[in-house]
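The lines below spell out each chain.
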Amino acid sequence: SEVWARPGLSRAERSIATISIMSVLRDEHTLRVHVEAGLANGLSRLQIGEVIMHSAVYAGVPQALRSMQIAYEVFEKLDRARAKVVGTGD
């Protein structure tokens with residue numbers, strides 16, 4: 001989208017903003033999409049976790065914990081998919 005191509009913020013910085021916003025808005029589906037996109041845009045799992053925990057101040061601890069659960073689910077899904085690809089070559 002044009003928003004992601006604008007100058008001024010890197011794709012990783014835009015991912016940080018989007019993950020934080022989706023966490024605060026409690027938009028679980030879009031959060032899942034953007035956790036995965038954040039990894040593709042160069043964020044580490046640690047950075048994604050820190051963004052979500054930082055949002056706890058604004059969204060509340062229960063929502064931050066739910067958002068962390070969603071992030072871990074995405075990480076596990078990606079790990080399983082990667083393991084299948086690696087296991088296929090054996």
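So, here's what we can say about the structure.

### Overview of the overall build of the chain
Counting its regular elements, the chain contains 5 helices and 0 strands. Moving toward the C terminus, one meets the helices and strands of the chain in the order α-α-α-α-α. Once the C-alpha set of the chain is aligned to its principal axes, its extents read approximately 45 × 35 × 20 Å. Across the 90 residues that make up the chain, the buried fraction comes to 33%. Restricting the contact set of the chain to residue pairs at least 6 apart, pairs at least 24 apart contribute 61%. As presented, the chain carries roughly 5,800 Å² of accessible surface, and 60% of it is formed by carbon and sulfur atoms. Looking at the chain, you have 11 positive and 10 negative side-chain charges, and the mean spots of the two groups are 2 Å apart.

### Focus on the packing of aromatic side chains
Tallying each qualifying case throughout the model produces 1 aromatic pair. For the pair Y72 and F75, a centre-to-centre distance of 6.1 Å together with 70° between the ring planes defines the contact as edge-to-face. Taken together, the positions of Y72 and F75, both in helix α5 (residues 61–88) and 3 residues apart, correspond to about one turn of that helix. For Y72, a relative accessible area of 46% gives the class partly exposed. Relative accessible area serves as the criterion here: at 6%, F75 is assigned to the buried category.

### Section: the pattern of salt bridges
Think of it this way: side chains of opposite charge can pair up when their charged atoms draw near. Scanning the model with the defined rule gives 5 salt bridges in all. In this structure, the salt-bridge partner of E73 is R32, at a minimum N-O distance of 2.7 Å. With a gap of 41 residues between them, E73 in helix α5 and R32 in helix α3 (residues 28–40) connect regions that are remote in the sequence. Among the salt bridges present, the one from E36 reaches K77, with a minimum N-O distance of 2.9 Å. In this pair, E36 sits in helix α3 while K77 sits in helix α5, placing the two residues 41 residues apart along the sequence. Given a relative accessible area of 30%, E36 falls into the partly exposed group. Salt bridges linked by common partners bring R45, D79 and R82 together as one network.

The rules behind each value
Residues numbered from 1 in each chain as written. Predicted model: local features only at pLDDT ≥ 70, side-chain atom pairs only at ≥ 80, totals over all residues. Heavy atoms only, no water. Helix = DSSP H or I, 4+ residues; strand = E, 2+ residues; numbered from the N terminus. Buried < 20%, exposed > 50% of the residue type's maximum accessible area, 1.4 Å probe, protein only. Contact = heavy atoms within 4.5 Å. Areas by Shrake-Rupley, 256 points an atom, 1.4 Å probe, with all protein chains shown as cover. Lys, Arg positive; Asp, Glu negative; His and termini not counted. Charge placed at Lys NZ, Arg CZ, Asp CG, Glu CD. Phe/Tyr/Trp six-rings, centres within 6.5 Å; stacked < 30°, edge-to-face > 60°. Salt bridge = Lys/Arg side-chain N within 4 Å of Asp/Glu carboxyl O.

Such coordinate-based values are descriptive only and should not be taken to indicate function.
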